[in-house]
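Structural characterization, general
Take a look at the letters that make up each chain.
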Amino acid sequence: MMNAFDTNFDAANDVYAVGDSGTILHFDGTTWSPMAAPGGSTANLNVVRGSSASDVWAVGNSGAAVHYDGKNWTHVQTGTSQDLFDVWARSANEVWATAGAGTMLRWDGTKWNKVSTGFPNDVCTYVWGTANRLFVTTALQFVLQFDGTTWLRQDAGTRNDTRLAAITGTSNTDVWVF
């Protein structure tokens, strides 16, 4: 039995799910079908997101990252062995992944680059953004904001024992953390 960890959809007939042991599934509106993981990857994939049907990313344990171009999945080196918890794609040339303590990964269309948040004790967990701002939750109940130049840190307003499980929104001033 496969444990599915996350799904992403562009349309009711274009849904992806990822899970343990490199599992990738696609739903065409009628049937779920397995898709071949690149290179026989067996790393757990934690999340799948995309900016379009031909630009889908899945990331997971031990720095695993795979990309779907609309035809094939390929393995992409991230340069880290940290578990990647979340990924968010602004465009094909700007994709962000959470990469552990004080670190984000940014895909620039060619390669993944490490980006320091300046807060080394904050384990980055979930990421979401708008056209001009990135929002990142941390394991320490903070939200980091990045405007392309500067990282800012603010308290999420939750109890210290609350684990932030997601971040989403509709604009720079309408962001939901739960």
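Here's what I pulled together on the structure shown here. Note that this is a predicted model, so its numbers are computed, not measured.

Before going further, it helps to examine the overall build of the protein. Looking only at helices and strands, the protein features 0 helices and 19 strands. A globule of 178 residues ought to have a C-alpha radius of gyration of about 16 Å, and the protein, at 16 Å, matches this closely. Out of the 178 residues in the protein, the part that is buried amounts to 46%. Put simply, of all contacts in the protein between residues at least 6 apart along the chain, 33% involve residues at least 24 apart. Looking at charge distribution, the protein has the averaged site of its 10 positive side-chain charges lying 6 Å from that of its 16 negative ones.

Another aspect to go through is the packing of aromatic side chains. As enumerated under the stated definition, the model contains 11 aromatic pairs in all. Here the aromatic rings of tyrosine 68 and tryptophan 73 are separated by 5.0 Å at their centres, their planes lie at 35°, and the arrangement is tilted. Residue class for tyrosine 68 comes out buried when judged on its relative accessible area of 8%. In this structure tryptophan 73 comes out as buried when scored by relative accessible area, which is 8%.

As a further point, take the nonpolar core. By size, the foremost hydrophobic cluster in this structure holds 16 residues, and its most contacted members are Trp96, Met104, Val127, Leu134, Val136 and Trp151. Elements supplying a minimum of two residues to this core: β14 (123-129), β15 (134-138) and β16 (142-146). Per-element accounting of this core gives the leading share, 4 residues, to β14. Val47, Ala99, Trp107 and Trp112 belong to the second largest nonpolar core, which has 14 residues in total.

The 5 strands lie next to each other as β11-β14-β15-β16-β17, forming an open sheet whose pairing is antiparallel. With partners counted over all chains shown, the strands left at the sheet margins are β11 (100-101) and β17 (151-155), one partner each.

Right, let's get into the pattern of salt bridges. Scanning the entire structure with this criterion turns up 3 salt bridges. The partner of arginine 106 in a salt bridge is glutamate 94, with the nearest N and O atoms 4.0 Å apart. Placement of arginine 106 in strand β12 (residues 103-107) and of glutamate 94 in strand β10 (residues 94-98) is noted, with a sequence separation of 12 residues between them. In this structure arginine 106 comes out as partly exposed when scored by relative accessible area, which is 26%. In this structure, arginine 153 and aspartate 122 form a salt bridge, with 2.7 Å as the shortest nitrogen-oxygen distance. Within this pair, whereas arginine 153 is found in strand β17, its partner aspartate 122 is found in the loop between β13 (112-116) and β14, the two being separated by 31 residues in sequence. The partly exposed category is assigned to arginine 153, whose relative accessible area is 37%. Through salt bridges with shared partners, a single network forms among Arg90, Glu94 and Arg106.

A separate point is the environment of proline 120. Note that proline 120 resides in the loop between β13 and β14. For proline 120, a relative accessible area of 58% corresponds to the exposed category. Put simply, proline 120 and glycine 70 are 50 residues apart on the chain and 36 Å apart in space, counted from C-alpha to C-alpha.

When strand β18 (residues 167-171) meets strand β19 (residues 174-177), the two strands line up antiparallel, connected through 4 bridges. Paired with isoleucine 167 across the bridge in β19 is valine 177.

Sheet strands line up and pair through hydrogen bonds in the backbone, either parallel or antiparallel. Spatially, the 4 strands line up as an open sheet ordered β5-β6-β7-β8, and their pairing is antiparallel. With one partner strand each, in any of the chains shown, β5 (45-52) and β8 (73-75) form the two edges of the open sheet. Pairwise comparison of adjacent strand axes, ignoring direction, gives a mean angle of 20° for this sheet.

Thresholds, definitions, all that
- Residues numbered from 1 in each chain as written.
- Predicted model: local features only at pLDDT ≥ 70, side-chain atom pairs only at ≥ 80, totals over all residues.
- Heavy atoms only, no water.
- Helix = DSSP H or I, 4+ residues; strand = E, 2+ residues; numbered from the N terminus.
- Rg over C-alpha atoms; globule rule 2.2 N^0.38 Å.
- Buried < 20%, exposed > 50% of the residue type's maximum accessible area, 1.4 Å probe, protein only.
- Contact = heavy atoms within 4.5 Å.
- Lys, Arg positive; Asp, Glu negative; His and termini not counted.
- Charge placed at Lys NZ, Arg CZ, Asp CG, Glu CD.
- Phe/Tyr/Trp six-rings, centres within 6.5 Å; stacked < 30°, edge-to-face > 60°.
- Core = buried A, V, L, I, M, F, W, Y, C linked by side-chain atoms within 4.5 Å.
- Pairing = 2+ DSSP bridges.
- Salt bridge = Lys/Arg side-chain N within 4 Å of Asp/Glu carboxyl O.
- Axes fitted to C-alpha atoms, helices over the stretch in contact; angles between N-to-C directions.

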